[in-house]
Amino acid sequence: MKLQHQIGLASLLGLALAGPTLAMDSRFKDANGDMVADAPTDPKQWIDPATLVFA
(Lines give C-alpha, C1' and ligand atoms only; values in the text may rest on other atoms or scores of the structure.)
Protein backbone atom coordinates (compact mmCIF):
# COMPACT_ATOMS: atom_id res chain seq x y z
CA MET A 1 0.00 0.00 0.00
CA LYS A 2 2.84 2.38 0.82
CA LEU A 3 4.45 1.78 -2.60
CA GLN A 4 1.17 2.55 -4.39
CA HIS A 5 0.88 5.79 -2.41
CA GLN A 6 4.43 6.79 -3.36
CA ILE A 7 3.79 6.00 -7.04
CA GLY A 8 0.60 8.05 -6.95
CA LEU A 9 2.37 11.02 -5.38
CA ALA A 10 5.21 10.77 -7.90
CA SER A 11 2.71 10.72 -10.76
CA LEU A 12 0.91 13.79 -9.47
CA LEU A 13 4.18 15.62 -8.98
CA GLY A 14 5.25 14.73 -12.52
CA LEU A 15 1.99 16.04 -13.97
CA ALA A 16 2.24 19.22 -11.93
CA LEU A 17 5.75 19.88 -13.21
CA ALA A 18 4.80 19.04 -16.80
CA GLY A 19 1.69 21.24 -16.73
CA PRO A 20 3.14 24.21 -18.61
CA THR A 21 4.50 21.93 -21.33
CA LEU A 22 1.05 20.41 -21.97
CA ALA A 23 -0.17 23.56 -23.72
CA MET A 24 -0.91 23.58 -27.44
CA ASP A 25 1.67 25.25 -29.66
CA SER A 26 0.79 28.87 -30.51
CA ARG A 27 0.61 28.15 -34.25
CA PHE A 28 -2.52 26.06 -33.62
CA LYS A 29 -5.92 27.37 -32.55
CA ASP A 30 -8.33 25.67 -30.14
CA ALA A 31 -11.52 27.73 -29.96
CA ASN A 32 -13.46 25.34 -27.69
CA GLY A 33 -10.59 24.34 -25.36
CA ASP A 34 -10.70 20.59 -26.05
CA MET A 35 -6.93 20.39 -26.79
CA VAL A 36 -7.64 19.35 -30.39
CA ALA A 37 -6.39 21.78 -33.01
CA ASP A 38 -9.12 23.39 -35.11
CA ALA A 39 -9.00 23.33 -38.88
CA PRO A 40 -7.65 26.56 -40.39
CA THR A 41 -10.35 29.10 -41.13
CA ASP A 42 -8.71 29.94 -44.47
CA PRO A 43 -9.42 27.13 -46.98
CA LYS A 44 -6.12 27.92 -48.74
CA GLN A 45 -4.32 26.53 -45.69
CA TRP A 46 -6.13 23.17 -45.85
CA ILE A 47 -4.27 20.14 -47.15
CA ASP A 48 -5.67 16.92 -48.57
CA PRO A 49 -3.16 14.10 -48.15
CA ALA A 50 -3.56 11.01 -50.32
CA THR A 51 -3.19 8.70 -47.29
CA LEU A 52 -3.50 9.17 -43.54
CA VAL A 53 -1.67 6.70 -41.33
CA PHE A 54 -2.60 6.36 -37.67
CA ALA A 55 -0.08 4.32 -35.76
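Before reading further, recall that the structure is shown in the block above.
Just so you know, these numbers come straight off a predicted model, no measurement behind them. (Residues numbered from 1 in each chain as written. Predicted model: local features only at pLDDT ≥ 70, side-chain atom pairs only at ≥ 80, totals over all residues. Heavy atoms only, no water.)

1. Some remarks on the overall build of the protein chain
Link 1 in the chain: What the protein chain contains, in helices and strands, is 1 helix and 0 strands.
Link 2 in the chain: When burial is assessed residue by residue, the protein chain has 0% of its 55 residues classed as buried.
Link 3 in the chain: On the protein chain, roughly 5500 Å² of surface is accessible, and the fraction owed to carbon and sulfur atoms is 65%. (Helix = DSSP H or I, 4+ residues; strand = E, 2+ residues; numbered from the N terminus. Buried < 20%, exposed > 50% of the residue type's maximum accessible area, 1.4 Å probe, protein only. Areas by Shrake-Rupley, 256 points an atom, 1.4 Å probe, with all protein chains shown as cover.)

2. Concerning unusual backbone geometry
Peptide bonds are mostly trans, and most non-glycine residues show a negative phi.
Link 1 in the chain: Notably, M35 is not glycine yet its phi reads approximately 60 degrees, a positive angle.
Link 2 in the chain: We classify M35 as partly exposed; its relative accessible area is 48%.

3. Some words on the environment of D25
Link 1 in the chain: On the secondary structure map, D25 appears in the segment after α1 (2–18).
Link 2 in the chain: The spacing of D25 and A37 is 12 residues in sequence and 9.4 Å in space, taken between C-alpha atoms.

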